[in-house]
Amino acid sequence: MNKSGFLERLENLLQGIDKKERDKAISFYSEMIDDFIEDGLTEIEAVEKVGKPGEIAEQIITEDLSKPEKTMTKNKKTLISVLLILGSPLWVVLLLAAGCMLLFAGLIVIWLIPICVGIGGVACLIMATVSVLGSFAIMYQNMALGIIQLGLGLFATGSFVLLFIATAKLGRFFMAVTKQAMNLTNTYVFQRIRGLAV
């Protein structure tokens, strides 16, 4: 029997097991035959050395049936249900705490936007002040460079004004978002906790 006939026969005999396990076994024995051929045996001698497909299939099926099934028994399901019910006061509170922490972390991240814009505005104000005042000293030595410096200072002043306006608008917007988030938290979390306590 040649290699392809051996592997085809073995695959037919292993039809009763999982396809993944079957493919794994076919691949294993195909490589084994190839190794024997590389060692100097002919294809037929290599197939004979591996063994008979029927015996190999019987051994593989026996090993597959001896594996324990990963099904959950009724007792385990009942135990898990009871533990979930008895542990609910603990895990419900933990879930609520995790939700509140995520909400507050989100609010902190959101508030970083206007804070960063405000810091950019302050940086532009400092740059504008230094550039405008410094441009006069530079003009004394080099008029063209001084004018460029003055232009940069005026650009920084305009950027400061725009960033100041953006910070104010973002601050108002995020204040409203924060207020709405706090109202929702109060409505859906804290009032329900008070209701459970009563």
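As a reminder, the structure under discussion sits directly above these lines.
Now for a look at the structure at hand. (Residues numbered from 1 in each chain as written. Predicted model: local features only at pLDDT ≥ 70, side-chain atom pairs only at ≥ 80, totals over all residues. Heavy atoms only, no water.)

**Thoughts on a nonpolar patch on the surface**
Thought 1: Taken together, the side chains of I80, L84, W91, V92, L95 and L96 make up a nonpolar region of the molecular surface, amounting to roughly 510 Å² of accessible area.
Thought 2: Listing elements by their share of the nonpolar patch, those giving two or more residues are α5 (74-86) and α6 (88-141).
Thought 3: No other element matches α6, which puts 4 residues into the nonpolar patch.
Thought 4: Position of L95 among the secondary structure elements: in helix α6. (Patch = residues over 30% accessible without salt bridge, like charges linked within 9 Å, V, L, I, M, F, W, Y side chains within 5 Å. Areas by Shrake-Rupley, 256 points an atom, 1.4 Å probe, with all protein chains shown as cover. Salt bridge = Lys/Arg side-chain N within 4 Å of Asp/Glu carboxyl O. Helix = DSSP H or I, 4+ residues; strand = E, 2+ residues; numbered from the N terminus.)

**Details of the pattern of salt bridges**
Side chains that differ in sign of charge can pair as their charged atoms come close.
Thought 1: Scanning the entire structure with this criterion turns up 2 salt bridges.
Thought 2: A salt bridge links D34 to K3, with the shortest nitrogen-to-oxygen separation between them at 2.6 Å. Note that D34 is positioned in helix α2 (residues 19-38) and K3 in helix α1 (residues 3-13), a separation of 31 residues in sequence.
Thought 3: By relative accessible area, which is 29% here, D34 ends up partly exposed.
Thought 4: Between K19 and D23 there is a salt bridge, with the nearest N and O atoms lying 2.9 Å from each other. Of the two residues, K19 and D23 both sit in helix α2, 4 residues apart, roughly one turn of that helix. (Buried < 20%, exposed > 50% of the residue type's maximum accessible area, 1.4 Å probe, protein only.)

**Concerning the side chain of S131**
Thought 1: Its place among the elements puts S131 in helix α6.
Thought 2: On the basis of relative accessibility, which here comes to 5%, the residue S131 falls in the buried class.
Thought 3: Side chain to side chain, S131 and Q149 meet in a polar contact 3.1 Å long.
Thought 4: With near-sequence residues (within four places) excluded, S131 lies in contact with Q149, L152 and G153. (Polar contact = N/O pair within 3.5 Å; in protein donor to acceptor, adjacent residues only side chain to side chain. Contact = heavy atoms within 4.5 Å.)

**Some remarks on the state of the cysteines**
Thought 1: Taken as a whole, this structure holds 0 disulfides when the rule is applied.
Thought 2: For the unlinked cysteine C116, the closest cysteine sulfur is that of C124, found at 13 Å. (Disulfide = S-S within 2.5 Å.)

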